[in-house]
Amino acid sequence: MTDSWRSPHRLLLVALGALTVFFLTVPTLLIVPMGFSSSEILTFPPPGWSLQWYEKMLTDPQWTTGFVNSFLVATVTAIVSTILGSLAALGMVRGRFPGKSLANALILSPLIVPVIIIAIGMFSLYVRWKITGSLAGLVAAHSALAIPFVVVSVSTGLRTIDRNLEMAAQNLGAGPGRTFTRITLPIILPGVLTGALFAFLTSWDEVVVAIFLTTAKFRTLPVEMWEQVRQVVDPTVAAVATTVLGVTTTVLLLVFVVRRQAPTT
Amino acid sequence: MTRADDSTSIDGLGSPTGRLGSSTGRLGSSTGERPTLVLRGLTKQFGDFAAVDGVDLEVRRGEFVTLLGPSGSGKTTTLRMIAGFTHQTGGTIEIEGTDMRGVPPYRRDVGMIFQNYALFPHMTAAANVAFPLEMRHVPRSEIKRRVADALALVRLAGYGERYPRQLSGGQQQRVAFARAVVFGPQLLLMDEPLGALDKKLREALQLEIMQMSRQLGATVIYVTHDQEEALTMSDRIAIFSLGKIAQLGSGEDLYNRPASLFVADFIGDSNILRGRFQSNGDAGWLVHGDRRLRVSQAAARRAAIANDADGALVVRPERIRITDPGGHTPSTNAVAATVTEVLFLGPIRKYELTLADGQRAFVRVQAGSTERAWRPDDPVSMTWEVDDGVLVADPGR
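We now turn to the structure provided with this report. (Residues numbered from 1 in each chain as written. Chains lettered and ligands numbered in written order. Predicted model: local features only at pLDDT ≥ 70, side-chain atom pairs only at ≥ 80, totals over all residues.)

### Considerations on the overall build of chain B
When helices and strands are tallied, chain B shows nine helices and 20 strands. Overall size of chain B, expressed as C-alpha extent along the three principal axes, is 80 × 50 × 40 Å. Within chain B, the proportion of its 397 residues that are buried is 42%. For chain B, long-range pairs separated by at least 24 residues make up 67% of all intrachain contacts whose partners lie at least 6 apart in sequence. (Helix = DSSP H or I, 4+ residues; strand = E, 2+ residues; numbered from the N terminus. Buried ≥ 20, exposed ≤ 12 C-beta atoms within 10 Å, placed from the backbone. Contact = placed C-beta atoms within 7 Å.)

### What to know about the interface of chain A and chain B
On the side of chain B, 17 residues touch chain A, which itself brings 18 residues to the contact. When residues of the side of chain A that touches chain B are traced back to their parent elements, those giving at least two are α7 (163-171) and α8 (176-204) of chain A. With six residues, α7(A) is the single largest residue contributor to the side of chain A that touches chain B. Counted by class, the side of chain A that touches chain B contains nine nonpolar, seven polar and two charged residues. (Nonpolar A, V, L, I, M, F, W, Y, C, P; charged D, E, K, R; others polar.)

### Section: the sheet that holds strand β20 (residues 390-393) of chain B
Residues and elements named next belong to chain B. With antiparallel pairing, the five strands of this open sheet are ordered in space as β13-β12-β11-β14-β20. The open sheet has two edge strands with one neighbour each: β13 (291-295) and β20. Taken pair by pair, the neighbouring strands of this sheet meet at an average axis angle of 45°, ignoring direction. Relative to β20, strand β14 (residues 310-315) is paired through four bridges, and the arrangement is antiparallel. Directly across from G311, in β20, lies its bridge partner A393. (Pairing = 2+ DSSP bridges. Axes fitted to C-alpha atoms, helices over the stretch in contact; angles between N-to-C directions.)

### Focus on the pairing of strand β4 (residues 90-95) of chain B
All names here are of chain B. Pairing of strand β1 (residues 37-46) with β4, which is carried by five bridges, proceeds in the antiparallel orientation. Across the sheet, L37 pairs through a bridge with I95, a residue of β4. Direction of pairing for β4 relative to strand β5 (residues 98-99): antiparallel, over a ladder of two bridges. Bridged to I95 within β5 is T98. In textbook terms, the turn of a hairpin is the stretch between consecutive antiparallel strands, and for β4 and β5 this stretch comprises two residues, one of which, E96, has a positive phi near 50°.

### Some details on the sheet that holds strand β15 (residues 321-323) of chain B
Residue and element names in this part refer to chain B. Strand order in the open sheet formed by five strands is β15-β19-β16-β17-β18, with antiparallel pairing between adjacent strands. With one partner strand each, in any of the chains shown, β15 and β18 (360-366) form the two edges of the open sheet. Adjacent strand axes in the sheet meet at a mean angle of 45° when their direction is disregarded.

### Concerning the nonpolar core
Formed by 144 residues in total, the largest nonpolar core has its most connected members in B:V129, B:A178, B:L189, B:I221 and B:I239. A domain-level breakdown of this core finds at least three residues from each of domain 1 (8-256) and domain 2 (269-393) of chain B. Residues contacting B:V129, with those up to four places away along its chain left out, are B:V147, B:A150, B:L151, B:V175, B:A178, B:R179 and B:V182. Residues A:W53, A:M57, A:A239 and A:V240 belong to the second largest nonpolar core, which totals 11 residues. (Core = buried A, V, L, I, M, F, W, Y, C linked by C-beta atoms within 7 Å. Domains from an automatic or database assignment.)

### A look at the pairing of strand β6 (residues 110-113) of chain B
All names here are of chain B. In β6, alternate side chains face the same way, and those of V110 and M112 on one face and G111 and I113 on the other are all buried. Two elements, β6 and strand β7 (residues 187-191), share four bridges in a ladder whose sense is parallel. Residue pairing for β7: V110 is matched across the bridge by L187.

### Digging into the packing of helix α4 (residues 169-181) of chain B against helix α5 (residues 199-216) of chain B
Between two packed helices, both the angle of their axes relative to each other and the distance between the axes serve to describe the pair. All names here are of chain B. In the contact formed by α4 and α5, the axes pass within 11 Å of each other and the chain directions differ by 20°. Here α4 is positioned roughly parallel relative to α5, judged by the angle of their axes. Judged by the twist between their axes, the crossing of α4 over α5 is right-handed. Here G169, G170, Q173, F177 and V181 of α4 come into contact with α5, specifically with L201, L205, I209, M212 and L216. (Parallel < 35°, antiparallel > 145°, perpendicular 65-115°, else oblique. Left-handed = near helix turned anticlockwise from the far one by under 90°.)

### A look at the environment of B:R236
All names here are of chain B. As for its placement among the helices and strands, R236 is situated in strand β9 (residues 236-241). A C-alpha to C-alpha distance of 9.3 Å links R236 and L254, two positions 18 residues apart in sequence. In this structure, R236 is in contact with E63, V65, L248, G249 and S250, ignoring residues within four places of it in sequence.

In structure tokens:
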């Protein structure tokens, strides 16, 4: 047994890893230069460089309303699912009631059930209720998808918090309400924020459910991209994709910052 | 033993109703004064199992009482019931004359120090100490002053802006103490507060906690499984066994006059000589085969065991002298033995003897220049004053 990275096993492993990274990143990174292309069509490599597609993205109302809509839906989804998900996590970790494991399975089921099935189910329900193409309807659907992430992230915090801290707070004169706001919540806050950011991302780039539940009057950015790609292959899509990627990466970096700031007991 | 009258440094720690830091002398003549804590028939049943089984205890103001016992003996459960974290299934808890039934922990006004300190990690030391005052809506300026006083009391002035993780174990312990006393609670509960610290620091903090509690005139209920700690710190010790108080008394009481074999075995080292008790009116004998040991009148009366019942004589290792075989007087007991082991421990020498029936006995002797050093296999006689033998009932093995 040798530890040298030149050993055959090791080389195979490195090759496999490199291949995986290649397939994961290259298609994504190819998009970036295509957005700065001078060509009228989506090609790689770009024949020359230009910012015209970014200009178009920022001026074309179809794209700008898409941005606004997506941002709005993702933000409201993050707020709604963080509140509901945190309360659900409290119930799952602290509560004792019959049917708890069933409730837990139902809350987490959107992680497992194929999104297309959820989308079709919601679509048939929304059509009957006549709420397709509404902000509230899409937020409700996205919240159902995002809540599991919040529940998982907040539950972890609740399970690891030292219960003596809450007892100490009560002993020192804090009732259940103030114990929660002054002690429990600040300590699990990194978990709550992480959950909120993941909820935002869940909605931000969600396309399957959104395709079913949006209409021409109310479209989110990923749906707009999908529509555009099907009709014209214009490099604006690449510019938009790059911007979406930028937002996603920023939010993920925020998650790391939040995690690092977590108080260590 | 009176409390230091220098109360300037702790001004403001006592609440307006004058509880902690009141002028009551510690261990003062409290005749007629209402006890701070009264437990009557306190019971906690978990299904069929009684974790705490009819505990009665009265604690005077300013007293330091330790609940001592092996793990699972009910001492921590008792403390949690006093704090209000667990509900009793029977009996009553009274604090300053008020029945605590149905009173939630946050209205009990008792301070508690947890084993792992339970300092709030997201707050500075000063914010931790200020927390109980904020909960009581104390004005901001007064909070500032009382926090500063409390941190000064625990000698952490200038450490207020540090977070718990930036403090050593001993410093965290002292912040926890300051936080538990700053609001002037009527009672201070401590749940193995030194359990997580190393021996040297533990001993230093034992003294500190004693001194600070005394300075405040605090009434303390202290839980530990460390008998040395209990002996060092307490005015009285309640020894817990199987959910009951096996014996309650000062450290000297428990050591010199254990009421049962369990207590004799739990506190300190002891030689236990079993036999059948034969009363001769006042005093008596403990007979085992042809070994007859005198039992003093006082010991026989305290033990109150029937004639012809199984008993055990408890003799502490340092009360025994080793002499040449046969030498004994009317006021001593003597048992023939053989030296089997000699251990030199610096200030003392420890002997292991074997009795005729094969039982082992231990003797501790001050190591000195005039002391005779016995060697293994020496035939000897172990002797002790009749008054140094304590008779207890022998419940059998």
